Amino acid sequence: MRYSNIITMIFGILLLSTFGFALSVSLSFSDSSMGVGDSTTLTATVSGTDTGVTAELSGTGITSEALTTSPVAVSGISTQSLGSISDTTTTSWIIQGNAVGTYSLLVTISGDSASTTGTTTLVVNNPANIILDDYSCNSGDSNLSSGNTYTVSYTLRNSGEESATITSTPTLTYFSVYSRSNADTSNQTTITGGETKSIAFTFTPSFGTTTRTGAISLALTGANDPDDISCGSVTLYVAPSTGGTTGTNDDGDTDGGVVSDDEDEEEEDDGVVTTTTTTKTITTDKFTLVLPENVSAGETKELKIIDLNGLPLKDVNIQITDPKGEITYNLTDANGLLDYEFLYDGNYAIKVYYGGKTYNYTITVKPITAGTEDTNVGTTGTTEGKSTWWIWVIVVVGIIAVIVVADLLHTYYGNKPKKGGLARLK
C-alpha cells in the first residue's frame, strides 16, 4: 500500500509536467548598463505549457518613472499577454533610463495553472562626456620643407561613466595624413568612463613643387561632440621644380618622365602616381580626368573629373602650376568641372588629390604665332586671314567707287547734244 502511494505521486508529477502545470522564466538585457537617456531591451524567455499566460514587469524605478517602459507601465506595472504557450516563447520590453541609479526589476509570469518569477538588475550611469583637455600643433618648426612631418597631439578625457567612441576627421589644405596613434584606421578611438587618452596625428605636405601656406584642423565628433582643433596656417617651403619637361613626385625628385602624347604612369611607394602627358583622357582606379588638348596660350579650357560611374566627383583637390611658377588651387566640390585660362605657353603641372593619393600630370601649351597659328575658340591669337582683312575691304570699296564713277560719266556724256549736229539742222 505504501509503495502504491509513492507510485501515484510520481505519476501525478509526471502528469503535471506533461500537461504544463509548471512555468519557468529567464531574463537577459541587450545592455545591462547604460547612460542617462539611453535605452536597453529586456527579454523574458518563458518555458512550459499553460493557457492564459501574462507577463508583468515591475520595479521601484518604474514606479518612480526613473525608468520608462514600452509597453507603457500602468500603476508601476507593464503587462503583456502571451496567451497559450506549449513550449518556449519570448517577450520583451524597451526600457529607457531617466535617472542615475541601480534598479531591481521583477518579471512575473502567470498562467491559468501555474506562475513563476524572475529578477534582474539594471544600472543607469552618467553618460559619456568627452572633454578636450589639451592639444598642441607641434612640428618643431612650423616652416616645413619637403619630407618633413607635422604632428598634432591632443588629450581627451571622459568625465562620464559610459564609454564613447570619438571620430577624428582631418580637414586639410595641401596636407595628407601620414600616420596616427591611439586611433584605428577609421580615425576612431574609444574612451571608457573616467579614462584619459592621448592621441597624435602626423601629417606631411601633399605636394612638392613650390612654397605654399597650408592649414590643418581636426573635427571631433561623437558623444557630446567635443571642441574641434585648429592649427591655423603653416608655411611649406618646398624646392620648386627646375624643369618643365619632367614629372616630379611629392618628394621633389624627378622621375624622368618625358612629355609626350603617350601616357606614362607609375605608382610610387609613397602613394604618388606620376603621369606625363600632353593630351589624353586619364582613367585610374579611382576617377577619370579629361585633360584639354591642342591648347594655345591665352585659351580657357575645361578640366573635367568624374568617378568611374560617370558622376562628378566631390572633395577633389586640383592644383595647377603654370610655367612662371604661379599656383592656382581649386576645389571641385559639386560639379566636377574646372575652367582654367592657360595664359602662358609651356608646361603646366596638374596635381589631383583624391582617395589618399596624389596624381601628377603635365599639359603642354603652345605659343601663339601671329599669321600662322589657326587657334581654337577663345584664343587671343590671330590667323593669316584675319591679319589682312582690311586690305580686302579697301579693294572692294575701290572697285565699287570705280564702277559708280564710270556709270556717272557714261550717263553724263551719253545724254549731251553734239554741236555739229545742231549746226546742220540750221
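Residues numbered from 1 in each chain as written. Predicted model: local features only at pLDDT ≥ 70, side-chain atom pairs only at ≥ 80, totals over all residues. Heavy atoms only, no water.

### What to know about the overall build of the chain
Next up, step 1: For the chain, the helix and strand inventory stands at five helices and 29 strands.
Next up, step 2: Residues classed as buried in the chain amount to 36% of the 426 residues present.
Next up, step 3: At a minimum sequence separation of 6, the contacts of the chain that also span at least 24 residues come to 62%.
Next up, step 4: Carbon and sulfur atoms make up 52% of the accessible area of the chain, which totals about 23300 Å². (Helix = DSSP H or I, 4+ residues; strand = E, 2+ residues; numbered from the N terminus. Buried < 20%, exposed > 50% of the residue type's maximum accessible area, 1.4 Å probe, protein only. Contact = heavy atoms within 4.5 Å. Areas by Shrake-Rupley, 256 points an atom, 1.4 Å probe, with all protein chains shown as cover.)

### A few points about the state of the cysteines
Next up, step 1: Overall, the coordinates contain one disulfide when judged by the stated rule.
Next up, step 2: In this model Cys137 forms its disulfide with Cys231; the gap between the sulfur atoms is 2.0 Å. Given an S-S torsion of about -75°, the disulfide between Cys137 and Cys231 has left-handed geometry. Here Cys137 is found in strand β10 (residues 130-138), whereas its partner Cys231 is found in strand β18 (residues 229-237), with 94 residues between them in sequence.
Next up, step 3: Cys137 sits in the partly exposed class, given a relative accessible area of 28%. (Disulfide = S-S within 2.5 Å.)

### Overview of the sheet that holds strand β8 (residues 101-110)
Each strand in a sheet pairs with another by means of backbone hydrogen bonds, the pair being arranged parallel or else antiparallel.
Next up, step 1: Across the sheet, five strands lie side by side as β2-β9-β8-β4-β6; this open sheet has mixed pairing. Strands with a single pairing partner mark the edges of an open sheet, and in this sheet they are β2 (33-35) and β6 (77-85). The sheet shows a mean angle of 25° between the axes of neighbouring strands, direction not considered.
Next up, step 2: Here 10 bridges tie β8 to strand β9 (residues 115-125), and the two strands are oriented antiparallel to one another. Within β9, the position partnered with Ser110 by the bridge is Ser115. (Pairing = 2+ DSSP bridges. Axes fitted to C-alpha atoms, helices over the stretch in contact; angles between N-to-C directions.)

### Quick word on the nonpolar core
Next up, step 1: Counting residues in each nonpolar core, the largest one holds 24 residues, and the members touching the most others are Leu42, Leu57, Leu67, Trp93, Ile95, Leu105 and Ile109.
Next up, step 2: It is β8 that contributes the most residues to this core, four residues altogether.
Next up, step 3: Ignoring anything within four residues of it in the chain, the contact list for Trp93 reads Thr40, Thr41, Leu42, Ala44, Ala55, Glu56, Leu57, Ser70, Pro71, Ser78, Gln80 and Val107.
Next up, step 4: Judged by nonpolar contacts, the second largest core, of 22 residues, contains Phe287, Leu289, Leu303 and Val365. (Core = buried A, V, L, I, M, F, W, Y, C linked by side-chain atoms within 4.5 Å.)

### What to know about the side chain of Thr40
Next up, step 1: Structurally, the position occupied by Thr40 is in strand β3 (residues 39-48).
Next up, step 2: Only 3.0 Å separates the side chain of Thr40 from the side chain of Ser30, close enough to count as a polar contact.
Next up, step 3: Among the polar contacts made by the side chain of Thr40, one reaches the main-chain carbonyl oxygen of Asp31 at a distance of 2.7 Å.
Next up, step 4: Apart from the residues within four sequence positions on either side, Thr40 is in contact with Phe29, Ser30, Asp31, Met34, Trp93, Ile94, Ile95 and Leu122. (Polar contact = N/O pair within 3.5 Å; in protein donor to acceptor, adjacent residues only side chain to side chain.)

### Describing the sheet that holds strand β21 (residues 281-283)
Next up, step 1: Within the open sheet, the four strands sit side by side as β21-β22-β24-β27. Their pairing is antiparallel. At either margin of the open sheet sits one strand with a lone partner, and together these are β21 and β27 (337-342). Each neighbouring strand pair of the sheet contributes to a mean axis angle of 15°, computed without reference to strand direction.
Next up, step 2: Examined bridge by bridge, strand β22 (residues 288-290) and strand β24 (residues 299-306) share three bridges and lie antiparallel to one another. Within β24, the residue paired with Val290 across the bridge is Lys304.

### A few points about the pairing of strand β4 (residues 50-59)
Next up, step 1: In this structure, β4 lies alongside β6, joined through seven bridges in antiparallel fashion. Within the sheet, the bridge partner assigned to Ala55 lies in β6 and is Gln80.
Next up, step 2: Judged from the six bridges that link them, β4 and β8 form a sheet pairing that is antiparallel. Looking at β8, one finds that Leu57 is bridged to Val107.

### Observations regarding the pattern of salt bridges
Next up, step 1: Per the stated rule, a full pass over the model turns up one salt bridge.
Next up, step 2: Among the salt bridges present, the one from Arg157 reaches Asp133, with a minimum N-O distance of 2.9 Å. Of this pair, Arg157 sits in strand β12 (residues 150-158) while Asp133 sits in strand β10, and the two are 24 residues apart along the sequence.
Next up, step 3: Judged by relative accessible area, which is 29%, Arg157 ranks as partly exposed.
Next up, step 4: Classification of Asp133 as partly exposed rests on a relative accessible area of 38%. (Salt bridge = Lys/Arg side-chain N within 4 Å of Asp/Glu carboxyl O.)

### Digging into the packing of aromatic side chains
Each aromatic ring pair is characterised by the separation of its centres together with the angle its planes make.
Next up, step 1: One pass over the structure, following the stated rule, counts five aromatic pairs.
Next up, step 2: Taking the centre distance of 6.2 Å and the plane angle of 80° together, the rings of Tyr340 and Tyr348 count as edge-to-face. Take Tyr340 and Tyr348: they sit in the same class, and that class is buried.
Next up, step 3: Taken together through their ring pairs, the aromatic side chains of Tyr340, Phe342 and Tyr348 make up a single cluster.
Next up, step 4: Residue placement shows Lys324 over the ring face of Tyr344; its charged tip is 4.9 Å from the ring centre. (Phe/Tyr/Trp six-rings, centres within 6.5 Å; stacked < 30°, edge-to-face > 60°. Lys NZ or Arg CZ within 6 Å of the ring centre and 35° of its normal.)

### Digging into a nonpolar patch on the surface
Next up, step 1: Taken together, the side chains of Ile391, Trp392, Val395, Ile399 and Ile403 make up a nonpolar region of the molecular surface, amounting to roughly 510 Å² of accessible area.
Next up, step 2: Considering the arrangement of structural elements, one finds Ile403 in helix α4 (residues 389-415). (Patch = residues over 30% accessible without salt bridge, like charges linked within 9 Å, V, L, I, M, F, W, Y side chains within 5 Å.)

### Structural notes on unusual backbone geometry
Next up, step 1: Here the bond from Ser70 into Pro71 is cis, since omega is 5°, no more than 30 degrees from zero.
Next up, step 2: With phi around 55°, Ser75 is a residue other than glycine that occupies positive phi space.
Next up, step 3: Judged by its relative accessible area of 75%, Ser75 falls in the exposed class.
Next up, step 4: Even without being glycine, Ala223 reaches a positive phi, approximately 55°.
Next up, step 5: Its location among the elements puts Ala223 in the loop between β17 (212-221) and β18.

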